[in-house]
Amino acid sequence: MSRLRSPLRQPMIGTLIACLLTPLAAQAAGPNDSVREAIDWAERRAPGFNGKPDAKPLVIAHRGASGYVPEHTLASYALAILQGADYVEPDLVMTRDGHLIARHDNELGLTTDVSQRPEFADRQRTQVIDGSELTGWFTEDFTLAEIKQLRAIERIPQVRPGNARMDGAFEVPTLQEIIDLVKTLQLSEGRRIGLYPETKHPTHFQQLGLAMERPLVRTLERNGYLGRWSPVYIQSFEVDNLKTLNELTDLRLVQLFGGGQPYDQTVRGTDLTYAKMATAEGLEAIAQYADGVGPDKSYIIPRDASGNLGSPTDFVPNAHAAGLKVHPYTFRAENAFLPANLRSSDQPDERGDIEAEIRAFLDAGIDGLFIDHPDIAVRLREQQD
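Computed from a prediction, not measured in an experiment: that's the story for all the values here.

## Notes on the environment of leucine 342
Line of reasoning, step 1. As for its placement among the helices and strands, leucine 342 is situated in the loop between strand 12 (325-326) and helix 15 (354-363).
Line of reasoning, step 2. Note: C-alpha distance between leucine 342 and isoleucine 354 (12 residues apart in sequence) is 7.2 Å.
Line of reasoning, step 3. Excluding residues that lie within four positions of it along the chain, leucine 342 makes contacts with Asn335, Gly352, Asp353, Ala356 and Glu357.

Quick look at the structure:
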């Protein structure tokens, strides 16, 4: 692991990274060349290289460097930072005892080894989450101490079998642990590194008496993130919790766009849909409580009937006219996620021409992007600079 420590200026930080990335280095010794290349490139990168919290395009590490390491782990965030990502994105859910932890969803079966833990077999149950029935193990049924007994696993092993080789190597981190990592790596990187947390299922947690808005703001403020010029964006697919956050903090907020209707609006019985929110008038309304928008990529460049990239819509110019930044999601390098004409083969786990896809969206005027492979976007930005 000495090679992984080479760019780090402080022995303590080097030891931290070595501990986090030891399983990654061991995995990279196998047949997955893309992981080895990602490590090698991160090692060669000079501290302070390129990344800035207000760079353009902003490179947001989607759940960390989740194309290389199981998502929402400290190793995933660490590798993303070493690769030059401007922001790291933790999805946040609540534990039974009120702690904020990083998981893609409150259901634990897809991203942890909970199903292999006989001591938690009786925690499996069925409930309705955001209007859909789901069976599994849920964070709100576990204390933080119990969550810490679990280990992360790869969420999509069929597409990322290399990541699955690291199943069981990493804990589930808390928001505070992620902040501690970011602040520590800022010292070695010689630059500010941003946080881009998402509040997951906020209405669901509010109904359980585990509302996350105030705990999130308190945690960020306690760590010195106090105003709109702090390197923080808080994002949500719901509307009302962003409006609540707008009253609680001056940190920047981002309205996410999915399909159908925001769940809080379904609960309230309104007719507000994402389609209405994506109009010029809808974007102007969003600008009253948010600073940016995070649309699914199809809002900006939809795909045609053959699955190829089509023509840009007016979403970006309308958002800019309303004073909003535009950070679409999610860019992924594997064929399974790319437009048909940019795939390299019919093998879903092989890489295609993600650079061409990113360039098309940059030409459409986006301000930043969520990506599972941060090094690709950072290298592309370096070439443009």
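## What to know about the sheet that holds strand 7 (residues 194-195)
Line of reasoning, step 1. In spatial order, the strands read 7-2-1-13; together these four strands make up an open sheet with parallel pairing. Two strands lie at the open edges of the sheet, namely strand 7 and strand 13 (368-371), each paired on one side alone.
Line of reasoning, step 2. In the sheet, strand 1 (residues 58-62) pairs with strand 13 via four bridges, with the strands oriented parallel. Bridge pairing links isoleucine 60 to phenylalanine 370 in strand 13.

## What about the nonpolar core?
Line of reasoning, step 1. Core analysis: the largest hydrophobic core is formed by 85 residues, its most contacted members being Phe257 and Phe315.
Line of reasoning, step 2. For phenylalanine 315, the contacting residues outside a window of four places in its chain are Phe257, Ala278, Leu283, Val293, Pro295, Tyr299, Ile300 and Val326.
Line of reasoning, step 3. The next biggest cluster of nonpolar side chains, apart from the first, holds nine residues, and it includes Leu58, Tyr233, Tyr329 and Phe370.

## Quick look at the side chain of arginine 103
Line of reasoning, step 1. Checked against the element boundaries, arginine 103 lands in the loop between strand 4 (100-102) and strand 5 (125-129).
Line of reasoning, step 2. Glutamate 71 is the oppositely charged side chain nearest to the buried, salt-bridge-free arginine 103, at an N-O distance of 6.0 Å.
Line of reasoning, step 3. Reaching out from arginine 103, the side chain makes a polar contact with the backbone oxygen of glutamate 71 at a distance of 3.4 Å.
Line of reasoning, step 4. In this structure the side chain of arginine 103 is engaged in a polar contact, spanning 2.7 Å, whose partner is the backbone oxygen of histidine 72.

## Focus: the pairing of strand 1
Line of reasoning, step 1. The buried fraction of strand 1 is high, at five of five residues.
Line of reasoning, step 2. Burial of the side chains of strand 1 extends over both faces: Leu58, Ile60 and His62 are buried on one face and Val59 and Ala61 on the other.
Line of reasoning, step 3. Sheet topology places strand 1 next to strand 2 (residues 87-89); three bridges connect them, and they run parallel. Each residue of the ladder has a partner; that of alanine 61, found in strand 2, is valine 88.
Line of reasoning, step 4. Remark: the strand 1/helix 4 (residues 74-82)/strand 2 crossover connection has right-handed handedness.

## A short note on the packing of aromatic side chains
Line of reasoning, step 1. Tallied over the entire structure, the rule returns 11 aromatic pairs.
Line of reasoning, step 2. An angle of 20° between the planes, with centres 5.0 Å apart, marks the rings of tyrosine 196 and tyrosine 233 as stacked. A residue pair is termed long-range when its members are at least 10 positions apart, and tyrosine 196 in the loop between strand 7 and strand 8 (198-199) and tyrosine 233 in strand 9 (residues 233-236) qualify at 37 residues. The pair formed by tyrosine 196 and tyrosine 233 is uniform in burial state, with each residue classed as buried.

## Considering the side chain of arginine 252
Line of reasoning, step 1. Residue placement: arginine 252 occurs in strand 10 (residues 252-257).
Line of reasoning, step 2. For arginine 252, a relative accessible area of 6% corresponds to the buried category.
Line of reasoning, step 3. A polar atom in the side chain of arginine 252 sits 3.1 Å from the backbone oxygen of arginine 228.
Line of reasoning, step 4. At 3.1 Å, the side chain of arginine 252 and the side chain of tyrosine 233 are in polar contact.

Here is what the cut-offs are and how they apply
- Residues numbered from 1 in each chain as written.
- Predicted model: local features only at pLDDT ≥ 70, side-chain atom pairs only at ≥ 80, totals over all residues.
- Heavy atoms only, no water.
- Helix = DSSP H or I, 4+ residues; strand = E, 2+ residues; numbered from the N terminus.
- Contact = heavy atoms within 4.5 Å.
- Pairing = 2+ DSSP bridges.
- Core = buried A, V, L, I, M, F, W, Y, C linked by side-chain atoms within 4.5 Å.
- Buried < 20%, exposed > 50% of the residue type's maximum accessible area, 1.4 Å probe, protein only.
- Lys, Arg positive; Asp, Glu negative; His and termini not counted.
- Salt bridge = Lys/Arg side-chain N within 4 Å of Asp/Glu carboxyl O.
- Polar contact = N/O pair within 3.5 Å; in protein donor to acceptor, adjacent residues only side chain to side chain.
- Right-handed = clockwise from strand over helix to strand, strands pointing away.
- Phe/Tyr/Trp six-rings, centres within 6.5 Å; stacked < 30°, edge-to-face > 60°.

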